[in-house]
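# Fold and geometry: a report
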Amino acid sequence: MTTDRATAQAAEPIAGIEVKPAAGHIGAEITGVDLAADLDDAVIAAIRAAVLRWKVVFFREQHLDHAGHIAFARRFGTPVVLPRRGKASPPGFPEVETTADRLELGGRFGMDHEEWLHRRRHTLLRGWHCDHGARIDPPAATILRADTVPPYGGDTTWSNLAAAYAGLSAPLREFVSTLRAEHRLGVGYQPRPGDDAYVRHLLDHQIATHHPLVRVHPETGERILYVNGYYVDHITGLSRAESQALLDLLVDQAVRPEYTVRFRWEPGSVAFWDNRATIHLAPSDTAHLDHPRIMHRVMLAGDVPVGVDGKPSKALVGSEPGVW
């Protein structure tokens, strides 16, 4: 997501548009905006400022189609075109990825949905993630819209990683700012006995990167506790035991309830979040419900994270900046 420092600090209030905070540290609902309209630059600036301030913003009762979704995203950056998308994704709109009902990989690699969840979720915090965090340049932002949602269940939760970092004690903030961690695909996956098609897939398509444990936000200058339960394998330079103990502490810190916001989806709802400063938790309470949940997302190209020491992340395998 592109902007300048002046815009990141504040935007002029716009008549008829209201930004209503949803929680103490993260989340705001924006009213008075039709995302399908040809919005002027002042409205775009106000939305951008709200995303940077509140990390995730919500819009309700929107009427975006795929083309409108992409057009809105382009006002904030360059949409990512994925080389492979979920099978429900719309043809003719390569920037849009659609998720329908269950996780994209459910039913693939010889596993049903339940076995897939069992083998990959080795901890209760495994679901917390940023989008494509194993890449050298994870997306800057994601814009997700609800097409069809169940009448209950299916909420998404986000956490503010800048607030989580600020909430650490000063000595711990100083220590973790010196460290790096390896982020990669398949962390904690429990292989099937014998041949495992997903293990072979990981070996052929592995992505891994050394990211700073604390990254500096490129637009706001905030320090971000750059951890999650999905991609982070270990902290480099520490023993495995030390790494796991510290990661457990930091991920627990990152998802403390006071740093989170939970959003109840409705058809036409849109969430727009800063993928550099948040992690989110997709719902796991709908698999047993006989109700579809169809969502469409567009991601914006991001930059290479930079640590407090000014050094950028280092790709280990599988990704390079700007190449998907």
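Residues numbered from 1 in each chain as written. Predicted model: local features only at pLDDT ≥ 70, side-chain atom pairs only at ≥ 80, totals over all residues. Heavy atoms only, no water.

If you look the protein chain up in an unreviewed UniProt entry, it shows as TauD/TfdA family dioxygenase from Streptomyces fuscus. The record held by UniProt for the protein chain lists under Cofactor (unreviewed entry) the comment "Fe(2+)". The UniProt entry for the protein chain carries the following comment under Sequence similarities (unreviewed entry): "Belongs to the TfdA dioxygenase family." (UniProt positions renumbered as here; feature names shortened; annotations may be inferred.)

Let us look at the confidence of the model for the protein chain. With 94% of its residues at a pLDDT of at least 70, the protein chain reaches an overall mean of 92. Across residues 3–8, confidence stays below pLDDT 50; counting only partners more than four residues off in sequence or on other chains, it has 14 contacts. (pLDDT = per-residue confidence, 0-100. Contact = heavy atoms within 4.5 Å.)

Bringing helix H2 (residues 41–54) into the picture now. With 14 residues, H2 should reach 20 Å at 1.5 Å per residue; the first-to-last C-alpha distance of 20 Å fits that figure. H2 sits mainly inside the fold: 11 of its 14 residues count as buried. Within H2, burial applies to Val43, Ile44, Ala45, Ala46, Ile47, Arg48, Ala49, Ala50, Val51, Leu52 and Trp54. Capping the start of H2 is the job of one residue whose side-chain oxygen sits 3.1 Å from the backbone nitrogen of Ala42: Asp40. Immediately beyond the C-terminal end of H2, within one or two residues, lies Lys55, with a positive phi of roughly 75°. (Helix = DSSP H or I, 4+ residues; strand = E, 2+ residues; numbered from the N terminus. Expected span 1.5 Å × (residues − 1). Buried < 20%, exposed > 50% of the residue type's maximum accessible area, 1.4 Å probe, protein only. Polar contact = N/O pair within 3.5 Å; in protein donor to acceptor, adjacent residues only side chain to side chain.)

Attention now moves to unusual backbone geometry. If you check the backbone angles, Glu61 has positive phi at about 55° while not being a glycine. Within the secondary structure, Glu61 sits in the loop between strand E3 (56–59) and helix H3 (66–74). Backbone geometry places His132, a non-glycine residue, at a positive phi of 55°. Turning to its location among the elements, His132 is positioned in the loop between strand E5 (128–129) and strand E6 (141–148).

With that settled, the discussion passes to the pattern of salt bridges. On inspection of all chains with the given rule, the structure shows 21 salt bridges. Among the salt bridges present, the one from Glu222 reaches Lys55, with a minimum N-O distance of 3.0 Å. With Glu222 in the loop between strand E10 (214–216) and strand E11 (223–225) and Lys55 in the loop between H2 and E3, the pair connects residues that are 167 residues apart, well separated along the chain. Classification of Lys55 as buried rests on a relative accessible area of 2%. In this structure, Glu266 engages Arg60 in a salt bridge whose closest nitrogen and oxygen atoms are separated by 3.5 Å. With a gap of 206 residues between them, Glu266 in the loop between strand E13 (260–263) and strand E14 (270–274) and Arg60 in the loop between E3 and H3 connect regions that are remote in the sequence. (Salt bridge = Lys/Arg side-chain N within 4 Å of Asp/Glu carboxyl O.)

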